[in-house]
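Working through the structure, step by step
Residues per chain, in single letters:
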Amino acid sequence: MSVIVVGSMAFDAIETPFGKSNKIVGGAATYIAWSASNFTRPVQQISVVGGDFPQEELDLLQARGVQMDGVQIKKDKKSFFWSGRYHMDMNTRDTLETQLNVLGDFEPVVPAGYQGADILMLGNLSPAVQLSVIEQLKERPKLTVLDTMNFWMDTAMPDLEKVLKEVDILLVNDSEARQLSAQYSLVRAAREIMKMGPKFLVIKKGEHGALLFHGDHVFFAPALPLDEVFDPTGAGDTFAGGFVGYLDSTRDFSFDGMKSAIVIGSAIASFCVEKFGTTRLKELTKSDIDERVQQFVELVNFDIALV
Ligand code: AMP
């Protein structure tokens with residue numbers, strides 16, 4: 001059992017209507033690794049950081065079974081930096097600044113020890129980098145999962161189309177699904193997107209849960225109604241980490257197996273938003289996760305008598 005995770009490891013600065021963070025550690029692959037390592041090990045990380053990235057953060061992940069052989073450290077360069085401001089609904093945000101820094105000329109190298117991984121999780125990055133990782137794998141993983149965003153649809157669509165042909169599952173949010181398919185109805189959007197390559201599609205709807213599509217089948221997992229959402233950054237990546245980590249542990253890649261995996265993804269993402277950055281993910285215990293999954297079961301379980 002092993003999962004390769006490709007994505008950014010970064011610094012973020014976040015503003016919400018309720019508070020502001022300093023420069024904190026973030027990045028898609030950071031959230032994915034914290035999340036996935038609750039369910040499976042090793043997590044085999046592929047990323048790039050600058051000399052400014054705290055070694056302690058890499059050590060903490062390594063202690064959880066995250067392998068760092070594929071993480072390049074460019075000592076004389078700066079890490080990727082992203083800053084964003086959330087709107088009042090905490091579901092939508094504006095990007096204030098993106099400094100690519102080390103990501104600008106990132107050429108991923110898949111270490112020999114990562115070959116033969118069962119699952120490839122392609123976190124949000126340029127489709128050209130995602131393609132390069134796919135091409136370096138000698139054996140096709142049993143499952144390839146792709147996350148992407150509107151930025152790449154606007155700037156790198158031909159490469160994104162190539163990546164889509166190579167993946168089994170695509171994870172996107174509702175506005176990205178609409179942009180990619182040019183369809184407003186999410187059911188129609190799903191149908192169009194599945195023609196582009198992925199056999200399964202997960203459409204995330206923030207506080208309104210997530211939909212799983214496969215052929216003519218649809219499944220819905222809610223998001224847990226929370227008292228307070230502190231910082232939604234990384235919730236999508238945390239969802240992805242829980243989703244692939246759980247699938248790697250069960251090895252059930254059927255539609256039913258994926259139904260459970262999106263509930264697990266939603267459960268773990270609900271922790272991420274409770275504090276700034278990765279703070280809450282770092283504190284989690286197995287019993288916290290089990291308890292929250294149980295809350296999800298109770299949230300959607302009902303008996304109904306037809307009259
Ligand atoms: P999420 O909130 O799940 O969509 O992911 C937020 C994370 O994505 C942040 O920690 C950022 O560092 C990272 N991020 C934002 N924009 C990009 C980008 N263009 N490429 C790679 N990572 C990004």
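If you're wondering where the values come from, they're calculated on a predicted model, not measured in any experiment.

Conventions used here
Residues numbered from 1 in each chain as written. Predicted model: local features only at pLDDT ≥ 70, side-chain atom pairs only at ≥ 80, totals over all residues. Heavy atoms only, no water. Helix = DSSP H or I, 4+ residues; strand = E, 2+ residues; numbered from the N terminus. Rg over C-alpha atoms; globule rule 2.2 N^0.38 Å. Buried < 20%, exposed > 50% of the residue type's maximum accessible area, 1.4 Å probe, protein only. Contact = heavy atoms within 4.5 Å. Polar contact = N/O pair within 3.5 Å; in protein donor to acceptor, adjacent residues only side chain to side chain. Phe/Tyr/Trp six-rings, centres within 6.5 Å; stacked < 30°, edge-to-face > 60°. Lys NZ or Arg CZ within 6 Å of the ring centre and 35° of its normal. Near = heavy atom within 4 Å. Areas by Shrake-Rupley, 256 points an atom, 1.4 Å probe, with all protein chains shown as cover. Arc of directions from axis to C-beta.

Along its length, the protein carries eleven helices and 14 strands. For a compact globule of 307 residues, the expected C-alpha radius of gyration is about 19 Å, and the protein comes in at 18 Å, within 12% of that figure. Across its three principal axes, the protein shows a C-alpha extent of roughly 70 × 40 × 35 Å. A total of 307 residues make up the protein; the buried ones form 53% of that total. By sequence separation, contacts in the protein at least 24 residues apart represent 65% of the contacts at least 6 residues apart.

Within the element layout of this structure, serine 270 appears in helix α9 (residues 255-272). Polar side-chain contacts of serine 270 include one of 2.9 Å to the side chain of arginine 292.

Counting across every chain of the model gives five aromatic pairs. Look at phenylalanine 11 and phenylalanine 53: their rings are 5.8 Å apart centre to centre, the planes differ by 45 degrees, and that puts the pair in the tilted class. Residue phenylalanine 11 is located in strand β2 (residues 10-16), and its partner phenylalanine 53 is located in the loop between β5 (43-50) and α2 (55-63); the two are separated by 42 residues in the primary sequence. Measuring from ring centre to ring centre gives 5.0 Å for phenylalanine 230 and phenylalanine 276, while their planes differ by 75 degrees; the resulting arrangement is edge-to-face. Pair noted here: phenylalanine 230 is in the loop between β14 (217-221) and α8 (235-250) and phenylalanine 276 is in the loop between α9 and α10 (279-283), with a separation of 46 residues, a long-range link. Relative accessible area serves as the criterion here: at 30%, phenylalanine 230 is assigned to the partly exposed category. Its end group placed over the ring of phenylalanine 11, lysine 23 keeps NZ or CZ at 5.0 Å from the ring centre. Directly above the ring of phenylalanine 271 sits arginine 292, whose terminal nitrogen or CZ lies 4.0 Å from the centroid.

Okay, the site of the ligand next. Taken together, 15 residues are adjacent to the ligand, and Ser8, Asp12, Gly27, Gly234 and Asp237 come closest. In this structure, an oxygen atom belonging to the ligand sits 2.7 Å away from a main-chain N or O atom of glycine 27. In isolation the ligand offers 510 Å² of accessible surface; the protein chains occlude 90% of this area. Elements represented by at least two residues in the shell around the ligand include exactly β2, β7 (80-86) and α8. Ranked by residue count, the leading element in the shell around the ligand is α8, at three residues.

Turning next to α2. An α-helix turns once per 3.6 residues; consequently, residues spaced three or four apart project the same way. Of all the positions in α2, only Glu57, Leu58 and Leu61 are classed as buried. Along the long axis of α2, the arc covered by the buried residues comes to 100 degrees, so they all point the same way. Exposed positions of α2 whose direction lies more than 90 degrees from the buried face are Glu56 and Ala63. Glycine 65 lies just past α2 and shows a positive phi near 95 degrees.

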